[in-house]
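Descriptive analysis of the structure
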Protein chains: 2
Amino acid sequence: MGNLWISNLGELASPLGSGPLGGRRQGEVSRRHGVEVLCRDGRIEAIGSPPEVAAAAAHVGDIERLDAGGGTLVPGFVDPHTHLPWAGDRSAEFAQRLAGRSYLEIAAAGGGILSTVAATRDASESEIRANVTRRLDRMLEWGTTTCEAKSGYGLELEAELKQLRALAAAAADHPVDVVATLLAAHETPAEHRADPERYLDLVCSEIVPAAAAEGLARYCDVFCERGVFSAAQSRRVLEAGLEHGLRPRLHADEFADSHGAELAADLGALTADHLMAVSDRGIEALAASTTIAGLLPGTSFFLKTRLYAPARRLIDAGIPVTLATDCNPGSSHTESLPMIFWLAVLELDMTVEETLTAITLNAACSLELGDEVGTIEAGKQADFVLLEGASLDNLAYHFGVHPITVVVKRGTVAYRKAEAER
Amino acid sequence: MGNLWISNLGELASPLGSGPLGGRRQGEVSRRHGVEVLCRDGRIEAIGSPPEVAAAAAHVGDIERLDAGGGTLVPGFVDPHTHLPWAGDRSAEFAQRLAGRSYLEIAAAGGGILSTVAATRDASESEIRANVTRRLDRMLEWGTTTCEAKSGYGLELEAELKQLRALAAAAADHPVDVVATLLAAHETPAEHRADPERYLDLVCSEIVPAAAAEGLARYCDVFCERGVFSAAQSRRVLEAGLEHGLRPRLHADEFADSHGAELAADLGALTADHLMAVSDRGIEALAASTTIAGLLPGTSFFLKTRLYAPARRLIDAGIPVTLATDCNPGSSHTESLPMIFWLAVLELDMTVEETLTAITLNAACSLELGDEVGTIEAGKQADFVLLEGASLDNLAYHFGVHPITVVVKRGTVAYRKAEAER
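Residues numbered from 1 in each chain as written. Chains lettered and ligands numbered in written order. Predicted model: local features only at pLDDT ≥ 70, side-chain atom pairs only at ≥ 80, totals over all residues. Heavy atoms only, no water.

**What about the nonpolar core?**
Among the nonpolar cores identified, the biggest contains 210 residues, and Leu275 of chain A together with Leu275 of chain B are the most heavily contacted of them. Not counting the four nearest positions on each side in its chain, Leu275 of chain B is found in contact with Ala252, Asp253, Ala261, Leu286, Ala293, Gly294, Leu295, Ala309, Pro310 and Leu314 of chain B. (Core = buried A, V, L, I, M, F, W, Y, C linked by side-chain atoms within 4.5 Å. Buried < 20%, exposed > 50% of the residue type's maximum accessible area, 1.4 Å probe, protein only. Contact = heavy atoms within 4.5 Å.)

Structural data, given as structure tokens:
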């Protein structure tokens with residue numbers, strides 16, 4: 001029903017506002033004590049002292065009660081960059097990489113991204129849908145209530161559409177809200193390696209129009225990177241997307257400065273993601289634009305590059321920053337935004353408040369959902385994470401464990417950690 | 001009752017043997033498929049094909065069945081270095097450190113280790129016991145079935161004994177087996193800062209004998225580190241322990257080469273732990289000794305030193321390596337050995353098999369329990385972790401999530417992950 005009354009909170013921590021950073025500097029987070037929260041029909045009705053909330057509750061019908069046990073309430077997490085719909089298993093390849101086998105050796109043995117493409121092309125839509133559901137379940141368990149998810153392992157018309165249909169089918173039946181992105185230009189498929197432009201013709205003239213016509217994607221993405229797609233090629237794909245109503249967001253400057261940040265700023269892209277190799281000019285361009293910087297530290301960790309994006313320089317330049325899992329089978333195999341939280345504070349030198357803002361309000365804005373989710377304010381959708389511990393600080397401090405007791409989506413408990421059997 | 005029959009395994013992965021490395025090189029792990037496991041009275045009775053195990057089961061009375069769902073069975077994890085019995089909350093201090101406040105500023109404001117000492121001295125034994133139980137619950141949730149735990153936040157006779165009594169009381173009522181270590185020489189308490197030798201007199205002549213007489217500790221530890229206790233001071237403490245039957249294990253060469261590794265080797269210590277700053281001579285000394293190298297990468301991560309122990313050099317020198325959480329309030333606030341697993345493969349460049357050996361057989365040997373636990377072999381105690389995924393590789397590959405479905409202690413299910421409410 002979406003009527004919920006949350007009491008006994010140790011802290012309520014949230015950024016405020018509906019634009020990136022709420023018009024503030026990154027990390028201005030409201031931390032309130034002694035308040036309760038009332039939700040009505042899935043929206044936040046009131047936040048206030050116990051008597052204030054009791055008065056508001058008198059006007060609401062049946063209300064579910066949630067005793068927070070002294071824990072900390074934060075906005076539901078928003079994961080703005082994932083690649084959920086894929087098939088196949090690359091765990092053995094990963095173990096080989098850990099044992100010292102090179103990426104080239106692995107690719108030569110049939111591994112790498114093209115093995116995921118082969119498995120995803122072979123898989124049925126229902127198999128991919130089941131994989132997405134399993135991943136969404138895991139995301140919910142770790143506090144995510146809204147996410148973005150991309151295609152990009154089909155690399156041909158039908159397989160890209162199959163990925164997006166599987167994503168939509170899984171999302172239709174899941175508490176986590178999913179925003180879909182077409183990433184047909186993730187890589188050049190093997191059959192077009194001799195003539196990548198030919199594949200881009202296909203992307204622009206067939207795949208983008210078909211995905212848009214079927215309403216399967218809201219955004220269009222491209223992997224702008226040395227050795228993948230140049231800035232000029234990327235521009236072509238993103239402009240094709242714009243022509244069909246798909247706003248751009250892109251993979252930019254992950255391993256080498258590929259002028260992806262400048263392209264993002266020039267096109268008014270919603271995000272420029274990765275940015276480990278962004279140049280000074282790229283940072284200047286982002287600072288002068290509305291584009292949000294999307295950081296994905298899970299890839300630096302998982303790929304053992306030990307090279308992280310310059311988060312402090314981006315933040316100090318006034319650029320709103322998001323963080324995402326980048327959940328994918330090759331470079332960041334995790335659904336956990338808390339894991340990304342720990343990497344952000346320990347490897348990106350972000351503060352607790354900056355990191356919370358990155359995975360709530362800023363991430364919501366990067367999905368054009370800043371009016372709906374990303375903060376705990378009256379009128380917004382009632383999406384929350386109830387954390388262990390009497391303060392937001394505990395989320396950073398107690399690393400490597402599962403710090404979440406309850407996840408609320410639209411005023412309804414969507415995940416509750418069960419007591420151990422013992 | 002401890003009778004359990006585990007079927008439908010995707011893989012059974014275990015080091016073999018009862019000495020460190022099982023007399024092999026680090027990382028020789030047996031990976032078997034198509035086998036089942038039968039436990040009787042808490043011990044492993046048989047491992048074999050389904051008909052073989054069915055034949056063995058005919059001679060056992062009531063047997064609980066566990067369908068592994070295609071998952072991977074590994075030995076219960078052994079965490080050989082923790083500091084569980086403490087009181088107080090340093091999450092706010094940690095958040096300040098992330099925001100750029102220096103360790104000295106934090107210490108001047110009453111933070112740092114001495115704040116934990118003050119809180120632990122003030123706490124009642126039952127409060128500390130409840131904290132230990134909560135931490136043991138979390139360890140079990142993340143696969144630990146045996147651990148070591150140290151005192152060291154009392155730093156005076158009664159408070160050290162109180163910590164050890166609280167630990168013993170919590171352990172007596174918990175499935176996780178706990179081995180206790182006296183770490184009275186963790187730091188010089190404020191009241192003895194003018195004359196640290198005076199405190200060491202107290203440690204050697206009063207605290208060590210009292211802890212040994214009361215049977216509260218099996219081992220004696222010391223923080224051998226520049227600015228804490230020198231190698232000569234450390235030797236004095238560890239020799240006092242030996243006189244009272246407490247074998248040595250020590251904190252060695254964490255921040256600076258303090259000749260801790262050489263001291264450990266010379267005294268025949270069970271472990272030399274940390275070793276981020278170990279010298280070439282220290283490595284040579286360890287290689288020529290029976291001492292095990294205990295690596296604690298959680299501290300490098302949590303303290304943002306970005307300096308990890310030279311795991312590959314230690315392994316290549318033939319030194320058995322363990323990994324531990326170092327669970328403590330100041331430098332590694334986690335109970336999760338899977339989190340340490342991910343740091344080991346991604347930051348220490350260890351392989352999947354080396355890492356499994358480090359947190360099972362080698363850790364068991366460092367606690368003189370190699371005959372009892374640490375491998376899955378007939379006759380040993382039936383302590384297991386059932387992992388998601390059809391292969392051990394998945395434990396490394398799927399990072400940041402909770403990868404465990406069941407934990408078995410002495411043939412009994414001690415933890416089972418509950419289904420989400422949804």
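Okay, back to it.
**Observations concerning the relation of the copies chain B and chain A**
Rotating chain B by 180 degrees and moving it 0.0 Å along the rotation axis overlays it on chain A with an RMSD of 0.0 Å. Between the two chains, the operation in question is that of a two-fold axis. Within chain B, Ala418 of chain B has its C-alpha nearest the rotation axis, a separation of 2.9 Å. Most of the interface of chain B is mirrored in chain A, where 100% of its interface residues are also at the interface. (Least-squares fit on C-alpha atoms with pLDDT ≥ 70 in both.)

**Quick look at the domain arrangement of chain A**
Residue and element names in this part refer to chain A. Assigned domains of chain A: these are domain 1 (4-75 + 375-421) and domain 2 (78-366). Here the C-alpha centre of domain 2 lies 29 Å away from the C-alpha centre of domain 1. Interface area for domain 1 against domain 2, summed over the two sides, is near 2,500 Å², with a carbon-plus-sulfur share of 71%. For the salt bridge of Lys409 with Asp177, the shortest nitrogen-to-oxygen distance reads 2.8 Å. Linking domain 1 with domain 2 are 10 residue pairs in polar contact (both at pLDDT 80 or more). Secondary structure elements with two or more residues in the side of domain 1 that touches domain 2: strand E2 (11-15), strand E3 (29-32), strand E7 (72-75), helix H16 (393-397), strand E18 (404-409) and strand E19 (412-416). The element contributing the most residues to the side of domain 1 that touches domain 2 is E18, with 4 residues. Broken down by class, the residue content of the side of domain 1 that touches domain 2 amounts to 20 nonpolar, 12 polar and 6 charged. (Domains from an automatic or database assignment. Buried area = accessible area lost by both parts, 1.4 Å probe. Salt bridge = Lys/Arg side-chain N within 4 Å of Asp/Glu carboxyl O. Polar contact = N/O pair within 3.5 Å; in protein donor to acceptor, adjacent residues only side chain to side chain. Helix = DSSP H or I, 4+ residues; strand = E, 2+ residues; numbered from the N terminus. Nonpolar A, V, L, I, M, F, W, Y, C, P; charged D, E, K, R; others polar.)

**What about the interface of chain B and chain A?**
At the interface, 57 residues of chain B touch 58 residues of chain A. Put simply, chain B and chain A have 10 salt bridges between them. Between Asp349 of chain A and Lys304 of chain B there is a salt bridge whose closest N-O contact spans 2.7 Å. Across the contact surface, chain B and chain A share 25 residue pairs in polar contact (both at pLDDT 80 or more). With 6 residues, helix H13 (residues 337-347) of chain B is the largest single contributor of residues to the side of chain B that touches chain A. Taken together, the residues that form the side of chain B that touches chain A break down as 28 nonpolar, 12 polar and 17 charged.

**Notes on the pattern of salt bridges**
Within this structure, the stated rule accounts for 61 salt bridges over all chains. With its nearest N and O atoms 2.8 Å apart, the salt bridge here joins Glu353 of chain B to Arg31 of chain B. Here Glu353 of chain B is found in helix H14 (residues 352-358), whereas its partner Arg31 of chain B is found in strand E3 (residues 29-32), with 322 residues between them in sequence. Under the relative-accessibility criterion, Arg31 of chain B is labelled partly exposed at 25%. Of the charged contacts in the structure, one is a salt bridge between Glu354 of chain B and Arg312 of chain B, with a shortest N-O distance of 2.9 Å. Linking Glu354 of chain B in helix H14 with Arg312 of chain B in helix H12 (residues 311-316), this pair joins segments that are 42 residues apart in sequence. What makes Glu354 of chain B buried here is its relative accessible area of 6%. According to the relative accessible area criterion, Arg312 of chain B is partly exposed, its value standing at 27%. One connected set of salt bridges, linked through shared partners, spans Glu11, Arg31, Glu353 and Asp393 of chain A.

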